[in-house]
Amino acid sequence: MVRILYHRQKCIGCNACVEALPSRWRVSKKDGRCNLIGSIEKRGIYQVKVATEEFEANQIAAKNCPVNVIKVEMC
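So, a few notes on the structure that sits alongside this text. Keep in mind it's a predicted model, so treat the numbers as computed, not measured.

Observations concerning helix α2 (residues 55-64)
Part 1 of the argument: Within α2 the residues assigned to the buried category are Ala57, Asn58, Ala61 and Ala62. Along the long axis of α2, the arc covered by the buried residues comes to 140°, so they all point the same way. Seen from the buried face of α2, the exposed residues on the opposite side, beyond 90 degrees, are Glu56 and Lys63.
Part 2 of the argument: Looking at the packing, one finds that the buried side of α2 touches β1 (2-6), α1 (16-20), β2 (25-27) and β6 (70-74).

Take a look at the structure:
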């Protein structure tokens, strides 16, 4: 399993995560920030556990994020 942590409040909506994995990330039409699909928010941090197959694409999303608000870890 892989856990994705995302600090949405600091997102600038650059779309790098959506380009890396559009099935997991989507830009919000309301505020322009990205949404982590399937995540649950706890104290401002959105998190979701996903299959190992998504690890590499989400690592690319985290690496390409200019404000470093995505963390991907094996669990």
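Focus on the pattern of salt bridges
Part 1 of the argument: For the structure shown, the criterion picks out 5 salt bridges.
Part 2 of the argument: Here Arg24 makes a salt bridge to Glu54, at a shortest N to O gap of 2.9 Å. Placement of Arg24 in the loop between α1 and β2 and of Glu54 in the loop between β5 (45-50) and α2 is noted, with a sequence separation of 30 residues between them.
Part 3 of the argument: Exposure remark for Glu54: the relative accessible area of 17% places this residue in the buried category.

Re empty space enclosed by the protein
Part 1 of the argument: Counted according to the given criterion, the structure contains 1 cavity of 30 Å³ or more.
Part 2 of the argument: Volume-wise, the largest cavity comes out at about 60 Å³.
Part 3 of the argument: Surrounding the largest cavity, 13 residues form its lining, Cys11, Cys14, Cys17, Cys34 and Cys65 being those nearest its centre.
Part 4 of the argument: Classifying every residue of the lining of the largest cavity by side-chain character gives 11 nonpolar, 2 polar and no charged.

How each quantity is defined
In this convention, every chain numbers its residues from 1, walking through the sequence in written order. Per-residue local features are limited, in this predicted model, to residues with pLDDT of at least 70; the limit for side-chain atom pairs, both in listing and counting, is 80 or more; totals at the level of whole chains, interfaces and linings are taken over all residues. As a convention, hydrogens and water are excluded, and side-chain values are obtained from all of the structure's heavy atoms. Exposure classes here rest on a 1.4 Å probe applied to the protein chains alone. A residue is buried below 20% of its type maximum, exposed above 50%, and partly exposed in between. By definition, any uninterrupted DSSP run of H or I lasting at least four residues is a helix, any uninterrupted run of E lasting at least two residues is a strand, and each is numbered from the N terminus. Summarising the geometry, the arc corresponds to the directions from the helix axis toward the C-beta atoms. Contacts between residues were defined by any pair of non-hydrogen atoms, one from each residue, lying within 4.5 Å. By definition, a salt bridge exists where a carboxyl oxygen of Asp or Glu is found within 4 Å of a side-chain nitrogen of Lys or Arg. Buried and open spaces are told apart on a 1 Å grid over the protein atoms alone, a cavity being a set of points where a 1.4 Å probe fits but cannot get out and a pocket being an open set with protein on both sides within 12 Å along at least five of seven lines. Residues with an atom within 4 Å of a point are the lining residues. Grid points are joined across faces, edges and corners, and a volume is the space filled by probe spheres set on the points. Basically, the charged four are Asp, Glu, Lys and Arg, the nonpolar ten are Ala, Val, Leu, Ile, Met, Phe, Trp, Tyr, Cys and Pro, and anything else, Gly included, counts as polar.

Bear in mind that shape data such as this cannot, by itself, settle questions of function.
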